[in-house]
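Each chain, letter by letter, is given below.
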Amino acid sequence: VRAGQILEMLRWTRAWTAPYRGIGLSNSSFSRLPIAPSSSQGGTEPRPVRLSYKLLDGEAASPALVFLHGLFGSKTNFNFVAKTLAQQTGRRVLTVDARNHGESSHSPDMSYEAMSKDLQDLLPHLGLVPCVLIGHSMGGRTAMLLALQRSQPLP
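Per an unreviewed UniProt entry, the chain carries the name sn-1-specific diacylglycerol lipase ABHD11 and comes from Bos indicus x Bos taurus. Regarding the chain, the UniProt comment filed under Sequence similarities (unreviewed entry) reads as follows: "Belongs to the AB hydrolase superfamily."

Spelled out as structure tokens, the structure:
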């Protein structure tokens, strides 16, 4: 995917969400859908791990772009695209190493629930809520689960 294609997708997303502004979708509560517990955690909620990330600075007025890599990848997979989008859009851009990948901490639990929990802890800590999640393969599945665990977008 080229940077220009991502810019076009962002314009489309902005146009699609515009009619929904101001109708109560900016509630800051964290509503989660019930999900099957992680099999490697014995039914307990996954413990977050320390994630390695690179944050490119930009305007806080627009939601940040968050890139999530695929299996066996790392945050460096998106270096060129992240830098280009930060320059062209003025947005903050975050690239993240998933648990057990790159420079992030390791854990025996490699479930999507655990990877979603890692992001639920990291994104508010960095002040990147709301944000746009962009994931490839494993990162896309993690992004989808994170989205499904919320009944409403974060403010």
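Colleague: Please explain the pattern of salt bridges as it appears in this structure.
Modeller: Any two side chains of opposite charge can pair, given that their charged atoms come close. What the rule picks out here adds up to five salt bridges. What emerges from the salt-bridge pattern is a single network uniting Glu45, Lys117 and Asp121.

Colleague: Help me out: how do you make sense of the sheet that holds strand β4 (residues 131-135) in this one?
Modeller: Backbone-to-backbone hydrogen bonds join strands into a sheet, with any given pair of strands oriented parallel or antiparallel. The mixed open sheet is built from four strands, whose spatial order is β1-β3-β2-β4. Of all strands in the sheet, those bounded by a partner on one side alone are β1 (53-56) and β4. Direction aside, the axes of adjacent strands within the sheet are offset by 15 degrees on average. Of the strand pairs in this sheet, strand β2 (residues 64-68) and strand β3 (residues 93-96) are connected by four bridges, and their pairing is parallel. If you follow Phe67 over to β3, its bridge partner there is Thr95. Contacting β1, β2, β3 and β4, helix α3 (residues 112-125) runs over the sheet at an angle of about 145 degrees to β3.

Colleague: What is the right way to read the pairing of β2 from this model?
Modeller: Put simply, side chains in a regular strand alternate between the two faces of the sheet. Along β2, five of the five residues are buried, which leaves the element largely enclosed by surrounding structure. Taking every second residue as pointing to the same face, both faces of β2 are buried, with Ala64, Val66 and Leu68 on one and Leu65 and Phe67 on the other. Crossover connection from β2 via helix α2 (residues 79-89) to parallel β3: handedness right-handed.

Colleague: Sorry, what's going on with the side chain of Lys117 here?
Modeller: Along the chain, the position of Lys117 falls in helix α3. Take Lys117: its relative accessible area is 16%, and that puts it in the buried class. Not counting chain neighbours up to four residues away, the residues in contact with Lys117 comprise Glu45, Pro46 and Pro48.

Colleague: I would appreciate a short explanation of the confidence of the model for the chain in the present structure.
Modeller: Fine structural detail should not be taken from predicted coordinates in areas where pLDDT scores are low. For the chain, the average pLDDT comes to 82, and 74% of its residues sit at 70 or higher. Note on residues 15-41: pLDDT under 50 across the span, and 36 contacts to partners over four residues away in sequence or across chains.

Colleague: For this particular structure, what's the right way to read a nonpolar patch on the surface?
Modeller: Judged by side-chain polarity, Leu71, Phe72 and Met110 come together as a nonpolar surface patch covering roughly 350 Å² of accessible area. For Met110, the position within the fold is in the loop between β3 and α3. Residue class for Met110 comes out partly exposed when judged on its relative accessible area of 30%.

Colleague: Before we go on, may I ask you to explain α3 in this structure?
Modeller: Structurally, the α-helix is built with 3.6 residues per turn, so residues lying three or four positions apart point the same way. Along its 14 residues, α3 runs 20 Å from first to last C-alpha, staying within 8% of the 20 Å computed at 1.5 Å per residue. Among the 14 residues that make up α3, ten are buried, leaving the element largely enclosed by the rest of the structure. Buried within α3 we find Glu113, Ala114, Met115, Ser116, Lys117, Asp118, Leu119, Gln120, Leu122 and Leu123. Residues of α3 that are buried make contact with β1, β2, β3, β4 and α4 (138-148). At the exit of α3 stands Gly127, carrying a positive phi of roughly 70 degrees.

Colleague: Would you take a moment to explain empty space enclosed by the protein for this structure?
Modeller: Over the atoms, a rolling probe the size of a water molecule traces out where space has been left empty. Across all of its chains, the model carries one cavity of 30 Å³ or more by this definition. Considering only enclosed or pocket space, the largest cavity measures out at about 110 Å³ in volume. Lining the largest cavity are 13 residues, and of these Leu68, Val96, Ala98, Leu119 and Thr142 lie nearest its centre. Those elements giving two or more residues to the lining of the largest cavity turn out to be α3 and α4. Grouping the amino acids of the lining of the largest cavity by side-chain chemistry returns seven nonpolar, three polar and three charged.

Cut-offs applied
- Residues numbered from 1 in each chain as written.
- Predicted model: local features only at pLDDT ≥ 70, side-chain atom pairs only at ≥ 80, totals over all residues.
- Heavy atoms only, no water.
- UniProt positions renumbered as here; feature names shortened; annotations may be inferred.
- Salt bridge = Lys/Arg side-chain N within 4 Å of Asp/Glu carboxyl O.
- Pairing = 2+ DSSP bridges.
- Helix = DSSP H or I, 4+ residues; strand = E, 2+ residues; numbered from the N terminus.
- Axes fitted to C-alpha atoms, helices over the stretch in contact; angles between N-to-C directions.
- Contact = heavy atoms within 4.5 Å.
- Buried < 20%, exposed > 50% of the residue type's maximum accessible area, 1.4 Å probe, protein only.
- Right-handed = clockwise from strand over helix to strand, strands pointing away.
- pLDDT = per-residue confidence, 0-100.
- Patch = residues over 30% accessible without salt bridge, like charges linked within 9 Å, V, L, I, M, F, W, Y side chains within 5 Å.
- Areas by Shrake-Rupley, 256 points an atom, 1.4 Å probe, with all protein chains shown as cover.
- Expected span 1.5 Å × (residues − 1).
- 1 Å grid on protein atoms, 1.4 Å probe; cavity = no way out; pocket = protein on both sides within 12 Å on 5 of 7 lines; lining within 4 Å.
- Points joined across faces, edges and corners; volume = space filled by probe spheres on them.
- Nonpolar A, V, L, I, M, F, W, Y, C, P; charged D, E, K, R; others polar.

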